Structure formats: structure tokens, C-alpha cells
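Commentary on secondary and tertiary structure
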Amino acid sequence: SKKILRQIPYGAAAGAITQAKGLQNARCYSVNHLSVQERIEKKRKAALTGGGQLRIAAQHKRGKLTARERLELLLDPDSFVEYDMFVEHRCSDFGMEADHNKYPGDSVVTGQGRINGRLVYVFSQDFTVFGGSLSGAHAQKVCKVMDQAMMVGAPVIGLNDSGGARIQEGVESLAGYADIFLRNVMASGVVPQISLIMGPCAGGAVYSPALTDFTFMVKDTSYLFITGPDVVKSVTNEDVTQEELGGAKTHTTVSGVAHRAFENDVDALLNLRDFFNFLPLSNKDPAPVTECHDPRDRPVPGLDTIVPFESTKAYDMLDIVHGVLDEREFFEIMPNYAKNIVVGFARMNGRTVGIVGNQPKVASGCLDVNSSVKGARFVRFCDAFNIPIITFVDVPGFLPGTAQEYGGIIRHGAKLLYAFAEATVPKITVITRKAYGGAYDVMSSKHLRGDVNYAWPSAEVAVMGAKGAVQIIFRGKENQAEAEAEYVEKFANPFPAAVRGFVDDIIQPSTTRKRLCRDLEVLASKKQTNPWKKHANIPL
Amino acid sequence: CAGLWGGSFAFDLQLPKRFQQFSCVFSFPQVHVKVADEAVCVGPAPTSKSYLNMDAIMNAIKQTGAQAVHPGYGFLSENKEFAKRLAAEGVTFIGPDTHAIQAMGDKIESKLIAKAAKVNTIPGFDGVVKDAEEAVKIAGEIGYPVMIKASAGGGGKGMRIAWNDEETREGFRFSSQEALSSFGDDRLLIEKFIDNPRHIEIQVLADKHGDALWLNERECSIQRRNQKVVEEAPSTFLDPDTRRAMGEQAVSLANAVKYSSAGTVEFLVDSKKNFYFLEMNTRLQVEHPITECITGLDLVQQMIRIAKGYKLQHKQSDIPINGWAVESRVYAEDPYKSFGLPSIGRLSQYQEPLDLPNVRVDSGIQEGSDISIYYDPMISKLVTYGKTREEALKKMEDALDNYVIRGVTHNIPLLREIIVHPRFVSGDISTKFLPEVYPDGFKGHMLTAGERRELLATAAALYVAAQLRSQKFLGDLSRQWELCVELDKGVHMLGVSRSGNNYTVEIDGEKVEVSGEWNLASALLPITINGKHRTLQCLLRTAAGEISLQYLGTSFKLRVLSNLAASLSKHMPEKVPEDTSSILRSPMPGSVVAVSVKPGDNVAEGQEICVIEAMKMQNSMTAAKTAKVKSVHCKAGDTVGEGDLLVELE
């Protein structure tokens, strides 16, 4: 933690520099000569222009929108209700108490509004005011909307664009971060929390997005890191650019910190509006249902031929997923990270569902450390917010090897197992091909309280593939080929699981959409509770 | 009686149905089949291991007890060895006998026979070619331009045109390689190339009792790289006398080789209606349905009757020309690249326009099928019929607009443009049509101002419909929408209002009314725009306002934003696309035949870097600039996808 604290000033330093430049742009209020009404007007006007026209122009020049423009685009027209427009920072050191260093509203815009008519609480950090740095007042404003969001039961969206802590305020600023962190944790599982990183987000500030449910980034203009390139250089002598260290590409492909990246501010905000439509407002709210034009009983003939004859041949799980969903619309989460598992949101007959699927096209669809963690977090989000989970299974097992064992595949794999097992939302599973070994158990099996488990005719539920199994069962015996054929006959089909009731039915693939839609309707009233506990102890 | 059907491109759905009381067996490679009474797997996907593998086919025949084999269009249909082996097993080959296949299959022998039968032949043709230098010598004697092609092959496969010695050498090399890989026979033919010709062919039908008929002509002049794209019957160009003269010569050739079954005699016709014998195809042609449409004869049924030894049912005077038929070959290829480079993929959505009257679709695929690199990239043959040519062409417009193909790039944009082009509509065509009409390559449909408005209005209506659906939480909000729509590089400010299914879109002061029974999930958008009926397709609609519409065949990309989003978009940074001159990417999926450079080599602009083979076509990949080779990412034998990096230059 010492390291983290030391690093917080990195971003703040950037803020201070911006601030120093702004000194020339000084203004002076001779308050005594103005009536209260005029003062209100003046303050409002000042709040609306943030750090002033020069800094707004600079913000635009960087390819970024201002905090207010972003909210305007994110929210329905005329729906934004702003809070705390008159709040100012309370720092009196280093000349900060001077009038020209006070900006009404300080470095964040907060309030509530509507997205397609549905309530959302928002805060949008204003980089034009002290580089968006976090003062005590800034934190207090953010905490206010978070508190109210939890009381009312509405999601919180944070638009992050901040240089870091307000250095001039010292521990006041650090306390502010912690206040926000605490609320992120308290709100977790109560209302959906989304962070959109639209500029720098460095040092301790990164932990707020990390605690929220989803972190999205804007390509080329946003960064997330604990310590910036300069400190990295001085500590480890590593040469690395901001982009390589904490850009959108890094976090959506390598680290898995961010869930998706968008081309630019406009693209990101329009997509965020779309994403918001999938989410319930709180954990008391059911998964939203929208109007659906795609027939719920639409056959999907392409699915009958998608699984290749050879069980070693790959196919694209997304073809199946797109085929069954409403209008082939799939909002994929982490599309470029741990691609051997596919997760994301979609609708079935208008109702939001969470999709989990093994991806045979990548690493044969095996489970490894990264894919287990990616899957587990997604499943837990769906469970927390009443979103039914549909799981498509084609998994040859857990990835073997020292890299995985040393990496802790046992405890990470356990997370996915844990997540599926504890989930009480409707769970429907379709085994499209392989369901081998422990991975079969993990992937929302009947044994983990799967509500409806289907197998396609191409399903093979077994401890392992035929070759490996025969080598163990018939070790040293001749006629291995014959034994292998016998094993395939016995296990490389859905019957062993079906006769035991471990799958509820063997279905024609082209009817999958119809079956899923019907089951979801039935399961909409599902009620299931876990034993009382203070909280569960997922193997973190 | 069981018949074995050897598929052409994968297999053909329409024809086996016409075995009628016969039970029908398919031969097929390892793909999914569900249409035949019985299906036999003849091997893995590469054709040399399945359709071209005679042993496998013979086994299939024994296994099913088939008494007759219909060989389809390609592969073994013109292979005399195959016909011989069938004869040895006592299995009927539904086609001509081996003598005729052999005589007509050899381009040189066929011309000698044609000459003897008093059929007009192309002047100055010569014999088998041994090497590149001999090819140059022969070409010089004939005089440029010359055409080089495989002796054994039919159609345009392995055919190249050379205008000078250099091109002759290159043509020789490619054609001989292609001939070897497609036919296992590297003999070539060089002959005088007739400039600006029409390709018109005569369908003949002959029985085993010495009787033969001509079933009128098919005009197949619209071609790209010597492969047919749009065919029609009859031809706008032939008068009754020329038609009869061609028909009689065709029948005389059939008689000369004691031909039985259906066959096609191809002619080149010059602008003065002189016609020259090109070759005879001793099999059913891909484009045979248009002849069936105008004559009312079922050619496959006739072939089966003839193979059984029955006499012809008709006399020459019984053969009519009723109405007009047009066939479009729908290919899985990108028409924006050389009028069509192969593309592959999975048909994620597929819907044939079969609910329209007088439309016939012969295809071997269904939703979910994979278009692979192993076969011809043909998706289907789309045939429309009308009392007049105008009617048949109008029907073709509708059929193309109502044809849903998603997941692979297809050539409907090109087909849709060809059939409405004034030159095509007036019948002024030749085999040069495409390069002449589109000298800079095909660029898609060029919008008129009115069409532009229709497209903008449709996109706006779609956008508003999607926005309104998102607002269902609030109940239906009817109000005015101010939108900014980008199309190509033009930006338009639109006002939209809606009542029920009717959208009023105001564009540059003009009002466009959009209505119709459609919703956001339907693949087809049957829309009425200002009272005119149009069928569009929405190919893409994203949260960020991108909308792709297929309109008049061509797919157009639009971006629809609220005025606010559009005005804020001006602050967004421009993303610089990567410099492509120093990277060579595969323009299509295929396999690498040869790589002629290694890292460190200096290459000149236009120099060959590697050769990619796809769907039996070899394509030479050349350097876009003079530079040093930085790295090579492929080797001979590799399978590459579209856009895969092949070679990097410095």
C-alpha cells in the first residue's frame, strides 16, 4: 500500500501543471457589488464553462469531449438533473483559497438523468478544472450521488477523466478516494456500477473502476495504471509508453482489467446507452424485457450442421450464440481477452439474458486461469442482478501444464465452479459437443442446480476423450483400437448422461431457440435461496 | 431403379427430384446431406480425394446397387475413363458414350471433326504445345491476340489471352499448371482470339437411334475471366435464319460423332453474325434451366430416357421459344475485386426468393452451410422467366432484392447492376461487357439524387424505429427527430416524424414518405417510398448509429446520429489507417502454390511475390512498390484466409 500511496501524486502532478497554466486566465468576483440573484447566475454560468474556454478547446484538441458534453450525449435530452453545482473545494494552502482558484462545482459534474427513460445516477469528471483531480469536495459530490442511487435503487455510471489526487489537499484527497471505494463496495451487488474511462485514471483512482461491475475504455485517449511510465522507468528501468502500459488495448487483451474498448467518446457513449438497456436498475428489479420482433419459436436450421463430424475440428461458438438470440444481437463482454470463453448480454424473446459459452475455435475451448476468472465474474454479475444465464458447453477440460498449475488453475477454476454453483437465477445449459471431466461439472451442470440441461445429438459427456481413456482402462493390453471404438460407442454420445437424467432432453439443434425461450418464460418465476451466511467465501 | 447423382458444386437440389420414381443416391464429400433418399460419403473435401476419386465413386455405386449414374456438371462428367469403368461394371452412364466424350473432349480432334462436318471453325488454330518458347512461336504464326487454354478443360478454366510474347509465356505457365491441377493433363491449345465476340451456344439432344434436335440457343456473353455470370435464352441477337444455321450445324456435329444424350455446342459470334465453333460440352450445362424454361422440356428427364435407349419424343418442329428466361449465377465472391474474387464463410442467414412467381433457384446449400475453398464459389443459379425479356428482367430485379445471403460476400451487387444497365437492356453485349462498362472495376450502384433520398429516408426510419423501441419503458413517444445522416462523404440533415408505420422524412426541403409492414428483426424490408415499392435489406445496425443497407443490389454504409451526437463528433480524433503498400495480404482465402521471394530480396513494383490458388484459379500476387522484402509469412502449401499477411516489404 505504501507503493500505491506514493504513486497517487503522479496524476495529481499533471493536474497541478494544468492548473498553473490556468493562473493567467484569472478572474475576479467582486461579490459585494452583485445581488444574490446575479451571483447565482454568475456561478451557474461559471459552473457550465468548467475550467474556461481555453481548457475546453484544449480538451477538444485532444479528441475528448467535456464532462458536460459527455453527459448530454449519454442521457436523454433535457433529462439531466444536476446536484452540487455550487460546491467548491475547501483547500486554503498553496494559494488555493484565492477566488480565481475556485470553480463552482469543482472538478466533477454530478446528478441523475434518464437513459431511454430509465433512471441513472452519473458523475463525470471535468479535466478542465485542475485536471479533473480529486479534492475532498469532488469526492463528497460523488459519494452523494452514490448514496442516493443505492437508496433509490438505480445504477451509477462514472465517466472518469482525472489526473489523480488533488495534491494540495493531501490526506483530504486520499480520504475522498477511500470514501468512494467504500461506497463502491457497499453498492456492489445492490445497483449496477459502470465506469467509462475517458482520459487518464492513475494511482489510487484506478481502484474505483476496478470495484465497479464493468470498466469500459476509449481507445487512444484513456489510460489506467497504478504508476505511470516515468515512475516505472525510475523504479524498474523499464521503458514503456502510456499506451503500452495502460491503454485500452493492453487492458482489453492482456490484463483483462477493462471489459471493452470503443473508438472514441461519441462511440463509447452511444454504446453505453445501448448497454444500459440490458441492465436491471437494481438487485430488486427483474431483468428488463423489451419489445421483440424476432419470433420466439424461430427455427435456426444452420445449427443442425454447425458441429463438424470430426470431434477434433473447431467451429465458432459465436455462430451458435448469434443464431439463437433475438436479432443476432450480442453485447459481448471482454471479446478480446481469454477468448476461449465467450460471455456477454443478449435478449431472448425480449428478456435480458447472460450468455456463457466455451469457444472451440480458441485453444479448443478449454478452461484455463483467465477464462475461469472471466466467466466467474460474469456469472456472479448475472446472479446478483436477476439475469438468467444460458451456458453453451463444448469443453475438452482444464488446460494442463506447469504454467497453469503454477498460475493456480485449481483456485481460479474453483471460482467458476463456485459462481455457477451459488447462482440462483434461472440456469439453462446446452451441451453442443464435448463436456469432459471436471469441466463438465463446472459448466453449469445439472449437479450444480442447472434448471434445464439439454444435449445436442453431437454431445459427448465423458471423463475424457476416447484415446486417453482407453490408454488408462486397457493399459498394456492389445487391441487398443477396438477398445477405443467401444469407448466411443459407449460414451461419445448424449445417452450416458440422458439415461441418468443429467440432461433433461436431447434436442434437435435447430429447435434450440424455441426451447430456450419457452424455458425462460417458465423459469421467470423461479425462487431459490442459499443458506443464510454473513457472506460466502469464494476462493479469491 | 436407383440412380447415383455425382454432384457438381457440392450437389444440386433440383435435379435429383426429377429422377421421379427412381430412388436417388448422392455421392458427397464429408459434408452434411439431407435431401437424397440415400447418401454416400465419397471422401474428404478436397475434390481430388472425393468427386475426382473414381475408386471411391465406384465403391459408392457397388454399395448402393445403383444401376445408373448421372455425373452432374463438372468433375467426372466429361471423363472418358470414368464412363469406361462404368461400362465395364454394367452401370449405365447417363450421358453420351465414351467415343463422343473422347472426340469432343480433345479440343484439337473436336475441331478436325467439326471441320469435316462442315461446321464453321475459328481460323488459324494449331496443335499441342510443348514449352513456353513453342507457345510464343505458335502465337507469332497465328498473330496476336491469341487465346491459350487447356486441351482437356471446358469452360473458361485455364484459359488466358495473350497480346504479346511476354504474356504468352506467362499464360503458358499458368494455364499448364491449372490444366494439371484441374484435369491431370497439361496439354494446351493456342488459337486466334476473336475480338469483341458474343458467346452463344446451342443445346442439342440426341438419342441412340441417330436422331438429333437443336433446342435453340443460350446467350452467355456476360462473363468475367471467361466464366459465365448472366445467361439468357433466347438471344436478342439471333435472327431465325442464323439460329437455324447454327442449330443445323450443331446437329450435324452431333451426328458426326454419333452423339446421344444432351450436349451443348458453343459458338463465338462476331458483330456480323458470323459464327465459329468453339467446343462441344458433352454434359448437362450449368445454365440448362433457361432452355428448359423456354422449350418446356425437362432435360434431365430426357437424358434418362435416352440413356435407357428410348427414342426422342419430339420433332424439330415441336421445339418452341416460349417467353424469355434469364439466369444469374450467384457466386460467393467479392465483385469489387476483379469482378469477383472468391470469398468463404458460413451462411449465417440464407433465404431464397422462392415465394415470388416464375423464379427458380437451383442451389446445393442451406442456412448454416460452409462455403469452402474446395469447390466452385457458386451459391446458386437464380432463374427468372417472363413472357417477354422485359418481364423476365424485372422479375430478376425483384428476385435479387429478395434474396437474403449473410455470412459470405456475394456478387448480387454486380448482378443487380448488369441486368439494369442500358447496354444490357438494349442487348448490346459481348464477352467484353464487364471490362468495357466498368473499365476501372466495379464500384457498386451509383445513386441518383432521388435514390439517395430514398436510402437516407429508409435509414432514418430504421434508426427512429430502433430508438423508439428502446424507449418502450416510457410508453410510445411520438415526436420530431432531428438527425444527421452520413452517406459516402455527404452529410444530410433530416427531420423525421412518425405515425404508426408511416415515417415522413424531410431531406433538403423534400418530403419522403416511408411506410410498409416491416420490423427490426426482419431480414427483408419491403418498403413503400413515395408510393414506389422497394425491397431493401438491413445488413447491419449498431448502437453507434452505423446502418448498412442493401439497396438496388449494392450495400451502402450510412451513419445516423442525432444532431447533438453529430455536432460532438467533430471533436473526435481521426484514426490513421495502416499503410498498405508495404504489406501484401491475401485478397481471398485459398492455398499458397508458390512463394518466389525470401527475406532480403529486392523486388520491383509489379514483380510476382507469390501465387495463391483458390477455387481452382491461380492468382499471381505482385509487389505494390519497389522495395526490399522484410519478412515472408507464408510458404507453399499453406492455407490462407482473406486478409492474412503474406509478405512484408521494407
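Residues numbered from 1 in each chain as written. Chains lettered and ligands numbered in written order. Predicted model: local features only at pLDDT ≥ 70, side-chain atom pairs only at ≥ 80, totals over all residues. Heavy atoms only, no water.

**Considering the overall build of chain A**
Definition in use: What counts as a helix is a DSSP run of H or I of at least four residues, what counts as a strand is a run of E of at least two, and both are numbered from the N terminus. For the radius of gyration, the atom set is restricted to C-alpha positions; the globular benchmark scales as 2.2 Å times the number of residues to the power 0.38. A simple rule labels every residue: compare its accessible area, found with a 1.4 Å probe on the protein chains alone, to the largest value its type can have, and call it buried under 20%, exposed over 50%, or partly exposed in between. Between two residues, a contact is recorded if the distance between any of their heavy atoms is within 4.5 Å. Exposure was quantified through the Shrake-Rupley algorithm and a 1.4 Å probe, taking into account, for residues, occlusion by the shown protein chains and nothing else. We score Asp and Glu as negative and Lys and Arg as positive, and we do not count His or the chain ends. Note that the charge is assigned to NZ on lysines, CZ on arginines, CG on aspartates and CD on glutamates.
What chain A contains, in helices and strands, is 21 helices and 17 strands. By the compact-globule yardstick of 24 Å for 540 residues, chain A fits well, its C-alpha radius of gyration being 26 Å. Each principal axis of the C-alpha distribution contributes one length, and for chain A these read about 100 × 55 × 45 Å. Residues classed as buried in chain A amount to 57% of the 540 residues present. Counted over contacts in chain A with a minimum sequence separation of 6, partners at least 24 positions apart contribute 74%. Total accessible area on chain A stands at roughly 22500 Å², and carbon and sulfur atoms take up 56% of it. Of note, chain A has its 61 positive side-chain charges centred 3 Å away from the centre of its 59 negative side-chain charges.

**Points about the overall build of chain B**
Helix and strand counts for chain B stand at 16 helices and 38 strands. Looking at chain B alone, contacts between residues at least 24 apart form 62% of all its contacts between residues at least 6 apart. Accessible area of chain B: about 25500 Å², with a carbon and sulfur share of 49%.

**Here we look at the sheet that holds strand β7 (residues 214-218) of chain A**
One key point about sheets: their strands pair by backbone hydrogen bonds, in either a parallel or an antiparallel sense. All names here are of chain A. Note the following rule: At least two bridges found by DSSP between two strands are what make those strands a pair. Axis geometry follows a simple rule: fit a line to the C-alpha atoms, using only the stretch in contact for helices, then measure angles between N-to-C directions, giving values from 0 to 180 degrees.
Spatially, β1-β2-β3-β4-β5-β7-β9 is the arrangement adopted by the 7 strands of the open sheet, whose pairing is mixed. Of all the strands in the sheet, just β1 (81-83) and β9 (260-262) have a single pairing partner and so form its edges. Within this sheet the neighbouring strands show an average axis-to-axis angle of 25 degrees, counted without direction. By the bridge criterion, 8 bridges tie strand β2 (residues 108-115) to strand β3 (residues 118-125) in an arrangement that is antiparallel. When the sheet's bridge partners are listed, Ile115 is paired in β3 with Arg118.

**So, the packing of helix α6 (residues 136-152) of chain A against helix α7 (residues 171-187) of chain A**
Residue and element names in this part refer to chain A. Test applied: Should an angle fall under 35 degrees it is taken as roughly parallel, and over 145 as roughly antiparallel, whereas 65 to 115 is taken as roughly perpendicular and any remaining angle as oblique. Crossing chirality is assigned from the near helix's rotation relative to the far helix, an anticlockwise turn below a right angle marking it left-handed and a clockwise turn marking it right-handed. Think of it as three bins: nonpolar holds Ala, Val, Leu, Ile, Met, Phe, Trp, Tyr, Cys and Pro, charged holds Asp, Glu, Lys and Arg, and polar takes everything else, Gly as well.
Contact geometry for α6 and α7: axes closest at 8 Å, N-to-C directions at 15 degrees. The angle between the axes of α6 and α7 places the two elements in the roughly parallel class. The chirality of how α6 crosses α7 is left-handed. For the pair α6 and α7, the contacting residues are Gly136, Ala139, Val142, Cys143, Met146, Asp147 and Met150 in the first and Glu172, Gly176, Asp179, Ile180, Arg183, Asn184, Met186 and Ala187 in the second. Looking at the contact of α6 with α7 residue by residue, the class counts come to 8 nonpolar, 3 polar and 4 charged.

**Remarks on the interface of chain A and chain B**
As a reminder of what qualifies: Accessible area that two parts lose when put together, with a 1.4 Å probe and added across both, is what the buried area reports. Definition used for salt bridges: Asp or Glu carboxyl oxygen within 4 Å of a side-chain nitrogen of Lys or Arg.
Contact with chain A, which involves 40 residues of that partner, is made by 34 residues of chain B. Of the roughly 3200 Å² buried where chain A meets chain B, counting both sides, 59% is carbon and sulfur surface. Here chain A is connected to chain B by 5 salt bridges. A salt bridge links Lys575 of chain B to Asp220 of chain A; the nearest nitrogen and oxygen atoms lie 2.9 Å apart. Counting only elements with at least two residues in the side of chain A that touches chain B, the list comes to α5 (67-74) and α12 (265-276) of chain A. With 6 residues, the top contributor of residues to the side of chain A that touches chain B is α12 of chain A. Residues of the side of chain A that touches chain B, tallied by class, amount to 12 nonpolar, 11 polar and 17 charged.

**Side note on the domain arrangement of chain B**
Residue and element names in this part refer to chain B. This is how the line gets drawn: Where each domain begins and ends is defined by an automated method or by a domain database. Whenever two N or O atoms come within 3.5 Å, that pair is a polar contact, provided that in protein one can donate a hydrogen and the other can accept it, and provided that, for residues adjacent in sequence, both atoms are side-chain atoms.
On domain assignment, one finds that chain B holds domain 1 (2-94), domain 2 (96-122 + 198-220 + 236-322), domain 3 (123-192), domain 4 (323-444), domain 5 (449-570) and domain 6 (583-649). Centre-to-centre separation of domain 4 and domain 6, based on C-alpha positions: 30 Å. In this complex, domain 4 contributes 11 residues to the contact, which on the side of domain 6 involves 10 residues. At the boundary of domain 4 with domain 6, total buried surface from both sides reaches about 850 Å², with 70% on carbon and sulfur atoms. Seen at the junction of domain 4 and domain 6, the total is 0 salt bridges. Counting across the interface, domain 4 meets domain 6 through 0 residue pairs in polar contact (both at pLDDT 80 or more).

**Observations concerning the pattern of salt bridges**
All names here are of chain B. A full pass over the atoms with the stated rule returns 59 salt bridges over all chains. Salt-bridge contacts for Glu333 lead to Arg224; the nearest nitrogen and oxygen are separated by 2.9 Å. Of this pair, Glu333 sits in strand β15 (residues 333-334) while Arg224 is found in strand β10 (residues 212-224), placing the two residues 109 residues apart along the sequence. An identical accessibility class is assigned to Glu333 and Arg224; each is buried. Residues Arg416 and Glu397 are paired through a salt bridge, measuring 3.8 Å at the closest nitrogen-oxygen approach. Remark: Glu397 occurs in helix α11 (residues 389-401) and Arg416 occurs in helix α12 (residues 412-418); sequence separation between them is 19 residues. The residues Arg416 and Glu397 share a single accessibility class, namely buried. Taken together, the salt bridges that share partners define one network made up of Glu201, Arg218, Lys228, Glu231, Glu266, Glu287, Glu327 and Arg329.

**Some details on the confidence of the model for chain B**
To be explicit about the condition: Note on scores: pLDDT gives the predictor's confidence for each residue, bounded by 0 and 100.
Taken as a whole, chain B shows an average pLDDT of 83; of its residues, 86% reach a score of 70 or greater. Prediction confidence for the complex, expressed as pTM and ipTM, is 0.81 and 0.79 respectively.

**Here we look at unusual backbone geometry**
Note that the residue after Ala233 of chain B, namely Pro234 of chain B, is joined by a cis bond; omega there is -5 degrees. Counting through the fold element by element, Pro234 of chain B comes out in the loop between β11 (227-233) and α8 (240-256). Phi is positive for Asp78 of chain A, close to 60 degrees, though the residue is something other than glycine. Relative to the elements of secondary structure, Asp78 of chain A occurs in the loop between α5 and β1. Even without being glycine, Glu327 of chain A reaches a positive phi, approximately 55 degrees.

**Some thoughts on the pairing of strand β14 (residues 427-436) of chain A**
For a regular strand, side-chain orientation follows a simple rule: the groups alternate between the two sheet faces. All names here are of chain A. The buried fraction of β14 is high, at 10 of 10 residues. Relative to β14, strand β13 (residues 389-395) runs parallel, the two sharing 6 bridges. Its bridge partner being in β14, Ile390 is matched across the sheet by Ile428. Bridge analysis of β14 against strand β15 (residues 452-455) gives 4 bridges, and the strand direction is parallel. Bridging from a neighbouring strand, Ile431 pairs with Ala455 of β15. In terms of strand pairing, β14 meets strand β16 (residues 460-462) through 3 bridges, oriented parallel. Its bridge partner being in β16, Lys434 is matched across the sheet by Glu460.

**Describing the domain arrangement of chain A**
All names here are of chain A. Taken domain by domain, chain A consists of domain 1 (50-277) and domain 2 (301-459 + 503-523). Inter-centroid distance (C-alpha atoms) of domain 1 to domain 2 is 34 Å. Taken together, the contacts link 23 residues of domain 1 with 15 residues of domain 2. In this assembly, domain 1 packs against domain 2 so that about 1500 Å² is buried in total across both faces, 63% of it on carbon and sulfur atoms. For the domain 1 face of the interface with domain 2, the top three residues by lost area are Phe214, His259 and Arg260, together amounting to 33%. Remark: the boundary between domain 1 and domain 2 carries 0 salt bridges. Counting the contacts that link domain 1 with domain 2 gives 3 residue pairs in polar contact (both at pLDDT 80 or more). Here the side of domain 1 that touches domain 2 is composed, by residue class, of 11 nonpolar, 9 polar and 3 charged.

**As for the environment of Val514 of chain B**
Residues and elements named next belong to chain B. By the secondary structure assignment, Val514 is in strand β26 (residues 510-515). In this structure, the C-alpha to C-alpha distance between Val514 and Lys532, residues 18 residues apart in sequence, is 9.6 Å. For Val514, the residues in contact, after removing those within four places along its chain, are Ala457, Thr458, Ala461, Asn501, Asn502, Tyr503, Val505, Ile527 and Thr528.

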